[in-house]
Amino acid sequence: QKEVEQNSGPLSVPEGAIASLNCTYSDRGSQSFFWYRQYSGKSPELIMFIYSNGDKEDGRFTAQLNKASQYVSLLIRDSQPSDSATYLCAVGNYGQNFVFGPGTRLSVLP
Amino acid sequence: DAGVIQSPRHEVTEMGQEVTLRCKPISGHNSLFWYRQTMMRGLELLIYFNNNVPIDDSGMPEDRFSAKMPNASFSTLKIQPSEPRDSAVYFCASNQAGGETQYFGPGTRLLVL
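All of the points below concern the structure found in this document. Keep in mind it's a predicted model, so treat the numbers as computed, not measured.

### Some details on the nonpolar core
With 23 residues, the main nonpolar core has A:Trp35, A:Val72, A:Leu74, A:Ile76 and A:Tyr87 as its most contacted residues. Listing elements by their share of this core, those giving two or more residues are β3 (19-25), β4 (32-38), β5 (45-50), β7 (61-66), β8 (71-76), β9 (85-93) and β11 (104-109) of chain A. With 21 residues, the next largest nonpolar core counts B:Leu46, B:Met60, B:Phe65 and B:Cys92 among its residues.

Take a look at the structure:
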């Protein structure tokens, strides 16, 4: 059984701080890793995906992948109240066989 | 682009009734996914289709659930008979072959009394 784990939170950070979200996965054969954001009552929307070990940056967001440790993280720099949402880590194989983690609820305090 | 379209957006029914959820994927996308989201279990993949063919239905909870995709622009998820534990938000998502981004529909909120 493939498993994806995340801290459920809530994670609270002050506005302007760096928010760090973590995710571990059990299937070593996983090839692609995703971070989705879900606002309350809305559907998940993709923030970033990463395939290779190391960092990938997109604006205020940085995804970090370490396949040896089976660990993927998301850093949000200069956190804004509008970043308050649940962040879902998903692990799969090139767009298929997605397994989602339970999500981490982030609260950015003004 | 209209995005993934799901109907109904809300459904309230009584235990034992048949429920049919509908999804229209984004035009040109050839993979379609059905998910269920609850507080207890999070977001679970139920089944996905490639080119209208079911590829993996291992997430379908039991025989009361069935899904079809008769053509590239339409899919249904049916629950018969429905039970209170089926209450959840059901999402449909689609993506292009080889694409990484799954685009989610707005979801159907199902309440079974």
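### Topic: the interface of chain A and chain B
In this assembly, 18 residues from chain A lie in contact with 19 residues from chain B. Between chain A and chain B, the buried area comes to about 1400 Å², and carbon and sulfur atoms account for 48% of it. On inspection of chain A and its partner chain B, the count reaches 0 salt bridges. Across the chain A-chain B interface, the total number found is 4 residue pairs in polar contact (both at pLDDT 80 or more). Elements represented by at least two residues in the side of chain A that touches chain B include exactly β4, β5 and β10 (96-100) of chain A. For the side of chain A that touches chain B, the class distribution of residues is 10 nonpolar, 7 polar and 1 charged.

### Focus: the pattern of salt bridges
Evaluated as defined, the whole model comprises 11 salt bridges over all chains. Salt-bridge contacts for A:Arg37 lead to A:Glu45; the nearest nitrogen and oxygen are separated by 3.2 Å. Exposure remark for A:Arg37: the relative accessible area of 16% places this residue in the buried category. Among the ionic pairs, B:Arg64 bridges to B:Glu83, the shortest N-O distance being 3.5 Å. With a gap of 19 residues between them, B:Arg64 in the loop between β6 (53-56) and β7 (65-71) and B:Glu83 in the loop between β8 (74-79) and β9 (88-95) connect regions that are remote in the sequence. On the basis of relative accessible area, B:Arg64 is assigned to the buried category, the value being 10%. In the salt-bridge network here, residues are joined through shared partners; they are B:Glu62, B:Arg64, B:Glu83, B:Arg85 and B:Asp86.

### Let's talk about the sheet that holds β7(B)
Backbone hydrogen bonds are what pair the strands of a sheet, in a parallel or an antiparallel way. Residues and elements named next belong to chain B. One open sheet holds the 4 strands; their spatial order is β1-β3-β8-β7, and the pairing between them is antiparallel. Both edges of this open sheet fall to β1 (5-7) and β7, since each of them pairs with a single strand only. Between one strand axis and the next, the sheet turns by 15° as a mean value, whatever way the strands run. In terms of strand pairing, strand β3 (residues 19-24) meets β8 through 5 bridges, oriented antiparallel. Within β8, the position partnered with Cys23 by the bridge is Ser75.

### Brief notes about a nonpolar patch on the surface
Together, B:Val12, B:Leu111 and B:Leu113 give the surface a local cluster of nonpolar side chains, amounting to about 290 Å² of exposed area. Position of B:Leu113 relative to the elements: it lies in the segment after β11 (108-112).

### With respect to the pairing of β8(A)
Residues and elements named next belong to chain A. Examined bridge by bridge, β3 and β8 share 6 bridges and lie antiparallel to one another. In the strand pairing of β8, Asn22 is matched with Ser73. Where β7 lies against β8, 6 bridges are found, and the strand directions are antiparallel. Looking at β8, one finds that Ala63 is bridged to Leu74. Taking the residues between adjacent antiparallel strands as the criterion, β7 and β8 are bridged by 4 residues, where Gln70 takes a positive phi near 55°.

About the criteria used
Residues numbered from 1 in each chain as written. Chains lettered and ligands numbered in written order. Predicted model: local features only at pLDDT ≥ 70, side-chain atom pairs only at ≥ 80, totals over all residues. Heavy atoms only, no water. Core = buried A, V, L, I, M, F, W, Y, C linked by side-chain atoms within 4.5 Å. Buried < 20%, exposed > 50% of the residue type's maximum accessible area, 1.4 Å probe, protein only. Helix = DSSP H or I, 4+ residues; strand = E, 2+ residues; numbered from the N terminus. Contact = heavy atoms within 4.5 Å. Buried area = accessible area lost by both parts, 1.4 Å probe. Salt bridge = Lys/Arg side-chain N within 4 Å of Asp/Glu carboxyl O. Polar contact = N/O pair within 3.5 Å; in protein donor to acceptor, adjacent residues only side chain to side chain. Nonpolar A, V, L, I, M, F, W, Y, C, P; charged D, E, K, R; others polar. Pairing = 2+ DSSP bridges. Axes fitted to C-alpha atoms, helices over the stretch in contact; angles between N-to-C directions. Patch = residues over 30% accessible without salt bridge, like charges linked within 9 Å, V, L, I, M, F, W, Y side chains within 5 Å. Areas by Shrake-Rupley, 256 points an atom, 1.4 Å probe, with all protein chains shown as cover.

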